[in-house]
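Structural overview for review
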Amino acid sequence: MDYTTLKTKKDGEIAIVTISRPDSLNALNSTFFKEFNAYLDSIDKDGNVKALVITGDGKAFIAGADIAEMQNMSKDEGFQFSKTGQNTFLRLENLNIPVIAAINGYALGGGCELALACDFRISNNYGKFGLPEPGLGLIPGYGGTQRLSRLSGLGNALFLSLTGQMIDSAEALRMGIVQKVVDASELLNESLDIAKKIIVHGPNAIIALKKVIREGNKLDLNKAYDLESKEFSKLFESDGPEGMKAFLEKRKPNWN
Ligand code: CO8
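Residues numbered from 1 in each chain as written. Predicted model: local features only at pLDDT ≥ 70, side-chain atom pairs only at ≥ 80, totals over all residues. Heavy atoms only, no water.

So, the pattern of salt bridges
Evaluated as defined, the whole model comprises 18 salt bridges. Residues E13 and K50 are paired through a salt bridge, measuring 3.2 Å at the closest nitrogen-oxygen approach. In this pair, E13 sits in the loop between β1 (6–11) and β2 (14–19) while K50 sits in the loop between α1 (30–46) and β3 (51–56), placing the two residues 37 residues apart along the sequence. A residue is classified by how much of its surface remains accessible, and K50, at 36% relative accessible area, is partly exposed. A salt bridge links E231 to K234; the nearest nitrogen and oxygen atoms lie 3.3 Å apart. (Salt bridge = Lys/Arg side-chain N within 4 Å of Asp/Glu carboxyl O. Helix = DSSP H or I, 4+ residues; strand = E, 2+ residues; numbered from the N terminus. Buried < 20%, exposed > 50% of the residue type's maximum accessible area, 1.4 Å probe, protein only.)

Structure representation (structure tokens):
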């Protein structure tokens, strides 16, 4: 498929997608959501993608949902636009491969929300984060109100969303919103290096980790421990035997 809002490529088994609407700082519109879902379909079909890196074209990661498209929406259209975004970002969050946001500039509103749906975030020193929606008379509508408070705590979520204040990457690191800050020239290489370190691990262990950490976070603690034991034990019938055998034989595991 030819995309108008995305640039896609692969580095070995790692897919890289660049959100590309530079004239509007990569603002998310309906076409983006259609194309991004088609792109996720293509990753599923490919069968040989082990990690996904998401970045933005130009000086922005994503400056939010497209305000020009939203301004004339009715209440019902606004609800639908919010649900489309929520469903897309839930799909992203639930992919069974690691997803890294490589944040190259403004990550505002819906752009910050997309980053929050990734497994973790690497930012360059130009990264800027914020939820400026209340200044537009809106609130975040792609799951960001819930993800930010779970990631960074109620105080930080309320502070950032009520003030609409933009913070830099150092502050985002301090709040636990990004996990690493690197020089601008290193952003993509560093993100790919991290992805490469992850994908040598047992593929079923990666799926189990994402499931246990993400689902466990929503459960009562005892139920979360049960989920951990269940997923841990299942690995004794998939990646575990080969991983442990390879360690004892002082060789790299062959996950096939
Ligand atoms: N939507 C549409 N166009 C945008 C957006 C956006 N979010 N952000 C920037 N643009 C456009 C500008 O209008 C401008 O277009 P033009 O050249 O035609 O005038 C172009 O991009 C360049 O932008 P600026 O000239 O403003 O660039 P600056 O470097 O001066 O400023 C900023 C950069 C600070 C990022 C500034 O552009 C800005 O404040 N952008 C808006 C940020 C924002 O408010 N984002 C939140 C949007 S709302 C949202 O995301 C809600 C998500 C939940 C939706 C739920 C569904 C209903």
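Points about the site of the ligand
Around the ligand lies a shell of 24 residues, among which K59, A63, A65, I67 and G110 are the nearest. At 2.8 Å from an oxygen atom of the ligand is found a main-chain nitrogen or oxygen belonging to A65. Mapped by element, the contributors of at least two residues to the shell around the ligand are α2 (67–70), α3 (75–93), β6 (106–108) and α4 (110–117). It is α3 that contributes the most residues to the shell around the ligand, three residues altogether. (Near = heavy atom within 4 Å. Polar contact = N/O pair within 3.5 Å; in protein donor to acceptor, adjacent residues only side chain to side chain.)

As for the pairing of β2
The buried fraction of β2 amounts to six of the six residues, a majority that puts the element mostly inside the structure. Pairing geometry for β1 and β2, over six bridges, is antiparallel. Bridge pairing in β2 links K10 to A15. Between β1 and the antiparallel strand that follows it, β2, lie two residues; G12 among them carries a positive phi value of about 60°. Since β2 and β3 lie parallel, the crossover through α1 that links them has a hand, and here it is right-handed. (Pairing = 2+ DSSP bridges. Right-handed = clockwise from strand over helix to strand, strands pointing away.)

Quick notes on the sheet that holds strand β9 (residues 167–168)
Spatial ordering of the open sheet is given by β4-β6-β8-β9, a layout of four strands whose pairing is mixed. Looking at which strands have only one partner, the edges of the open sheet turn out to be β4 (60–62) and β9. Sheet topology note: the β4/β6 ladder contains two bridges and is parallel. Note that in β6 the partner of A60 across the bridge is Y106.

A closer look at the layout of surface pockets
The computed volume of the largest pocket comes to approximately 730 Å³. E93, C118, D119, I213 and R214 are, among the 25 residues lining the largest pocket, the residues nearest its centre. Listing elements by their share of the lining of the largest pocket, those giving two or more residues are α3, β7 (120–124), α5 (144–152) and α9 (203–216). Split into classes, the residues belonging to the lining of the largest pocket amount to eleven nonpolar, six polar and eight charged. Lining the lining of the largest pocket are residues from two domains, each supplying at least three of them: domain 1 (6–199) and domain 2 (203–248). Considered as a void within the structure, the second largest pocket measures approximately 510 Å³ in volume. Lining of the second largest pocket is provided by 25 residues; of these, M70, L138, I139, P140 and G141 occupy positions nearest its centre. (1 Å grid on protein atoms, 1.4 Å probe; cavity = no way out; pocket = protein on both sides within 12 Å on 5 of 7 lines; lining within 4 Å. Points joined across faces, edges and corners; volume = space filled by probe spheres on them. Nonpolar A, V, L, I, M, F, W, Y, C, P; charged D, E, K, R; others polar. Domains from an automatic or database assignment.)

By themselves these figures say nothing about function.
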